[in-house]
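The chain contents come next:
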Amino acid sequence: MRLTRRVSLAFALGVLTLLPAARSVRAEEPVLVFAAASLKNALDEASAAWGRQTGKTARISYAGSNALAKQIEAGAPADLFISADQAWMDYVERAGLLKPGTRSDLLRNALVLVAPGPRNAGSDPQMALAPDLGTTLTKALGGGKLAMATIDAVPAGKYGKAALEKLGAWDAVKGQVAQAENVRAALLLVARGEAPLGIVYATDAAADPNVHVVATFPADSHPPIVYPAALIKDSRNPDAAGLLAYLRGPAASGFFTRQGFTVVAQPGASQ
């Protein structure tokens with residue numbers, strides 16, 4: 001009986017000795033990234049490469065920058081935010097939700113007009129963005145819809161509306177605009193042939209073989225398309241800073257440039 005009690009006591013002491021160590025062992029949480037929908041192809045590749053290199057993981061939530069910013073404001077547990085424009089990053093920063101000193105511009109993009117169907121080795125006719133663009137677009141739409149991301153909230157939609165206004169075409173086509181929740185949803189409308197034309201980023205057009213570019217909007221027809229990135233103030237994930245540093249570095253740049261983004265040189269980076 002005494003022997004049994006001794007064995008039980010020794011076992012209990014052994015378990016108690018192991019408990020602190022057991023409590024300290026915790027599965028590593030993935031870095032939760034909130035990213036503009038237009039980043040999907042390039043960011044999926046870049047984050048996967050970071051994971052192979054470090055053994056860490058990232059989970060990425062893609063949507064319109066406006067929706068992501070509102071979710072962060074509402075307390076969503078994001079670690080890293082990459083917006084498709086400055087305005088929605090400004091929104092999160094004004095709310096005091098960014099980690100100080102972590103914001104910087106990451107990428108740039110261009111705006112294009114796309115039509116359904118695969119590219120034809122450069123033989124697709126280009127639409128002239130001339131002063132009578134409104135008339136040209138109306139004829140090309142033929143009663144169909146012009147697919148755009150939400151024009152008063154989603155960055156791609158705001159850029160597209162600004163470009164059409166600058167080129168004098170907005171009043172002619174605004175009644176035919178089909179607004180989608182994000183730029184990839186607008187792209188899908190064109191890729192499926194549900195809209196004869198759409199305004200998306202150049203990188204979106206490059207990512208989908210079922211559309212082709214018929215015109216590129218002049219850079220001065222809309223505000224600069226810039227993607228800022230920053231850590232979220234309440235993030236407690238120690239791997240988030242490492243992922244952001246990787247995305248800003250030379251190892252990730254190829255993933256972005258292959259999709260058509262322009263990588264913004266980081267302060268202090270060697271040229």
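Predicted model only: the values in this text are computed from it and were never measured.

1. Regarding the sheet that holds strand E11 (residues 262-263)
Right, on to step 1. Taken together, the six strands give an open sheet; going across it, the order is E2-E1-E3-E10-E4-E11, and neighbouring strands pair in mixed fashion. Two strands bound the open sheet, and with one partner strand each, they are strand E2 (58-63) and E11.
Right, on to step 2. In this sheet, E2 lies alongside strand E1 (residues 31-36) in parallel orientation, the contact comprising six bridges. Paired with Ala35 across the bridge in E2 is Tyr62.
Right, on to step 3. On top of the sheet, helix H10 (residues 240-248) reaches E1, E2, strand E3 (80-82), strand E4 (104-108) and strand E10 (226-231); it is set at about 155° to E10, its chief contact.

2. With respect to the layout of surface pockets
Right, on to step 1. In this structure, the largest pocket occupies an estimated 180 Å³ of space.
Right, on to step 2. Every residue lining the largest pocket is counted, 13 residues in all, and those nearest its centre are Ala76, Pro77, Ala78, Asp234 and Ser235.
Right, on to step 3. Here the residues of the lining of the largest pocket sort into six nonpolar, three polar and four charged.

3. A closer look at the environment of Gln86
Right, on to step 1. You can see Gln86 is positioned in helix H4 (residues 86-94).
Right, on to step 2. The class for Gln86 is partly exposed, based on a relative accessible area of 25%.
Right, on to step 3. For the pair formed by Gln86 and Ser65, sequence separation is 21 residues and the distance between their alpha carbons is 9.9 Å.
Right, on to step 4. Residues contacting Gln86, with those up to four places away along its chain left out, are Arg103, Asp105, Val226 and Pro228.

4. Some thoughts on helix H5 (residues 133-141)
Right, on to step 1. For H5, the set of buried residues is Leu133, Gly134, Leu137 and Leu141. Projection of H5 onto a plane perpendicular to its axis shows the buried side chains occupying an angular sector of 100°, all on one side.
Right, on to step 2. Looking at the buried residues of H5, the elements they touch are strand E5 (111-116), strand E6 (146-149), helix H6 (155-166), helix H7 (170-173) and strand E8 (197-201).
Right, on to step 3. Count one or two residues on from H5 and you reach Gly142, which has phi positive near 55°.

5. Considering the UniProt feature "binding site: molybdate" (unreviewed entry) in the protein chain
Right, on to step 1. Per the UniProt record, the feature "binding site: molybdate" (unreviewed entry) sits at Ser38, Ser65, Ala156, Val183 and Tyr201. Separation in sequence by 164 residues is not matched in space for these annotated residues, since their most distant C-alpha atoms are only 14.1 Å apart. In the annotation above, Ser38, Ser65, Ala156, Val183 and Tyr201 are the residues that line the largest cavity.
Right, on to step 2. Along the chain, Ser65 falls in helix H3 (residues 65-73).
Right, on to step 3. Given a relative accessible area of 1%, Ser65 falls into the buried group.
Right, on to step 4. Those residues in contact with Ser65 that sit more than four places away from it in its chain are Ala36, Phe81, Ser83, Ala84, Trp88 and Pro155.
Right, on to step 5. You can see Tyr201 is positioned in strand E8.
Right, on to step 6. Residue class for Tyr201 comes out buried when judged on its relative accessible area of 1%.
Right, on to step 7. Apart from the residues within four sequence positions on either side, Tyr201 is in contact with Ser38, Ala84, Asn109, Ala110, Leu111, Val112, Pro155, Ala156, Tyr159, Val183, Ile225 and Tyr227.

Calculation criteria
- Residues numbered from 1 in each chain as written.
- Predicted model: local features only at pLDDT ≥ 70, side-chain atom pairs only at ≥ 80, totals over all residues.
- Heavy atoms only, no water.
- Pairing = 2+ DSSP bridges.
- Helix = DSSP H or I, 4+ residues; strand = E, 2+ residues; numbered from the N terminus.
- Contact = heavy atoms within 4.5 Å.
- Axes fitted to C-alpha atoms, helices over the stretch in contact; angles between N-to-C directions.
- 1 Å grid on protein atoms, 1.4 Å probe; cavity = no way out; pocket = protein on both sides within 12 Å on 5 of 7 lines; lining within 4 Å.
- Points joined across faces, edges and corners; volume = space filled by probe spheres on them.
- Nonpolar A, V, L, I, M, F, W, Y, C, P; charged D, E, K, R; others polar.
- Buried < 20%, exposed > 50% of the residue type's maximum accessible area, 1.4 Å probe, protein only.
- Arc of directions from axis to C-beta.
- UniProt positions renumbered as here; feature names shortened; annotations may be inferred.

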